[in-house]
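So you can see what is in the structure, the chains are spelled out below.
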Amino acid sequence: MSVQTEAPPRPASPPSRGPAYPASLKRATRLFERNMTVYRKGWMVIFSGFFEPIFFLLGVGYGVGSMVGQVDTGGRTIPFAAFVAPGMLAASCMNGAITDGFFNVFFKLNFQGTYDGILATPMGVRDVALGEMLWAQFRGVLYAAGFLVVMAVLDLTQSWWALAALPAAFLVSLAFAAMAIAITSFASKIQHLDTVMGFIVMPLFLLSGTFFPISVYPVPLQIVVQLTPLYHGAQLLRGLTTGTIGPELALHIAYLVAMTLAGLFVAARHLEKRILK
């Protein structure tokens, strides 16, 4: 009579770390398509954020503008509303990108388990980071495109160079999307993002040359503002919509490109640690 013994249990296999290849734009677009499908019946959630900059433009650009009159932009005088409008355009890019880059990514990462399912496919963490960045950027560009139409209707574009404002808004949104996802990859509590919104995003919105030239600040504060991303976004878009074209626009573009690459690098590296720990 033979005695059958139970086979010893196999040692647990180490957790999969996902593909180690570089991020692929083709794979990243699959996540973009997934997000598009999720929002197919909830587009009002996205469009609701489009109106806030318009209210600021109407209230500040025209309300306060009726008392301010003209603004000197350094050799050229333009109506106050035409000065505020590109600042609000840049803020639209920022608001759209960080809304998704902060809160939607945070809940997917910490509560919904979305990325666990995605990483069971051929996608890797770097693809996830790039895909979420593209989606957050899309929301910013969507706001910017609508705002540009409003600017055209209100005759707030001063030059045909304004046609290049939409591609520029793409870059501004991309930079903020990368920064937002990089910050979110470090946030372990939703309160961390609320703190960033209150102590970083709000001062950027108010003090980055969106409503008035930074020349009104003391020189030390001007230097600080010139290091901030929304300042470069607003100046790039203001130069295009007002036709003030100069070599300084190349500096703004270089800053935003560097911010995009740095944000994507940090987001991909730290998301790997968060998701695959």
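Located above this text is the structure these notes cover.
Residues numbered from 1 in each chain as written. Predicted model: local features only at pLDDT ≥ 70, side-chain atom pairs only at ≥ 80, totals over all residues. Heavy atoms only, no water.

Asks: Account for the environment of Trp135, with residues named and values stated.
Replies: If you trace the backbone, Trp135 turns up in helix α6 (residues 125-153). A C-alpha to C-alpha distance of 8.9 Å links Trp135 and Glu33, two positions 102 residues apart in sequence. (Helix = DSSP H or I, 4+ residues; strand = E, 2+ residues; numbered from the N terminus.)

Asks: Any chance you could break down the layout of surface pockets for me, citing the residues and the numbers?
Replies: Computed from the structure, the second largest pocket encloses a volume of approximately 230 Å³. As for the second largest pocket, its lining consists of Gly49, Glu52, Met94, Asn95, Ile98, Thr99, Phe103, Tyr143, Met197, Val201, Met202 and Phe205. Elements that contribute at least two residues to the lining of the second largest pocket include exactly α4 (80-112) and α8 (190-207). No other element matches the five residues that α4 contributes to the lining of the second largest pocket. The residue makeup of the lining of the second largest pocket, split by class, is eight nonpolar, three polar and one charged. (1 Å grid on protein atoms, 1.4 Å probe; cavity = no way out; pocket = protein on both sides within 12 Å on 5 of 7 lines; lining within 4 Å. Points joined across faces, edges and corners; volume = space filled by probe spheres on them. Nonpolar A, V, L, I, M, F, W, Y, C, P; charged D, E, K, R; others polar.)

Asks: Give me the lowdown on the nonpolar core, citing residues and values where you can.
Replies: Formed by 78 residues in total, the largest nonpolar core has its most connected members in Leu89, Met94, Phe147 and Ile275. A per-element tally of this core places α4 first, with 18 residues. Beyond its immediate stretch of four places on either side in the chain, Met94 contacts Phe176, Val201, Leu204, Phe205 and Leu230. (Core = buried A, V, L, I, M, F, W, Y, C linked by side-chain atoms within 4.5 Å. Buried < 20%, exposed > 50% of the residue type's maximum accessible area, 1.4 Å probe, protein only. Contact = heavy atoms within 4.5 Å.)

Asks: Tell me about the pattern of salt bridges, residues and numbers included.
Replies: Enumeration according to the criterion identifies five salt bridges in this entry. For Lys108, the salt bridge identified is with Glu132, shortest N-O distance 3.0 Å. Residue Lys108 is found in helix α4, and its partner Glu132 is found in helix α6; the two are separated by 24 residues along the sequence. Exposure class is identical for Lys108 and Glu132. Each is buried. (Salt bridge = Lys/Arg side-chain N within 4 Å of Asp/Glu carboxyl O.)

Asks: Explain α8 to me, and be specific about the residues and the numbers.
Replies: Taking 1.5 Å of rise per residue, the 18 residues of α8 would be expected to cover 26 Å, and the 25 Å separating its terminal C-alpha atoms lies within 8% of that figure. A maximum bend of about 35° is found in α8 at Met197. Regarding α8, the residues found buried are Leu193, Val196, Val201, Leu204 and Phe205. Phi turns positive, to about 80°, at Gly209, one or two residues after α8. (Expected span 1.5 Å × (residues − 1). Bend = angle between axes of the 7 residues up to and from the residue.)

Asks: Please give an account of a nonpolar patch on the surface that cites residues and values.
Replies: On the surface, a nonpolar cluster with roughly 440 Å² of combined accessible area is contributed by Leu58, Tyr62, Val149, Val153 and Leu154. Those elements giving two or more residues to the nonpolar patch turn out to be α3 (51-68) and α6. Note on placement: Val153 falls in helix α6. By relative accessible area, Val153 is classed as exposed at 66%. (Patch = residues over 30% accessible without salt bridge, like charges linked within 9 Å, V, L, I, M, F, W, Y side chains within 5 Å. Areas by Shrake-Rupley, 256 points an atom, 1.4 Å probe, with all protein chains shown as cover.)

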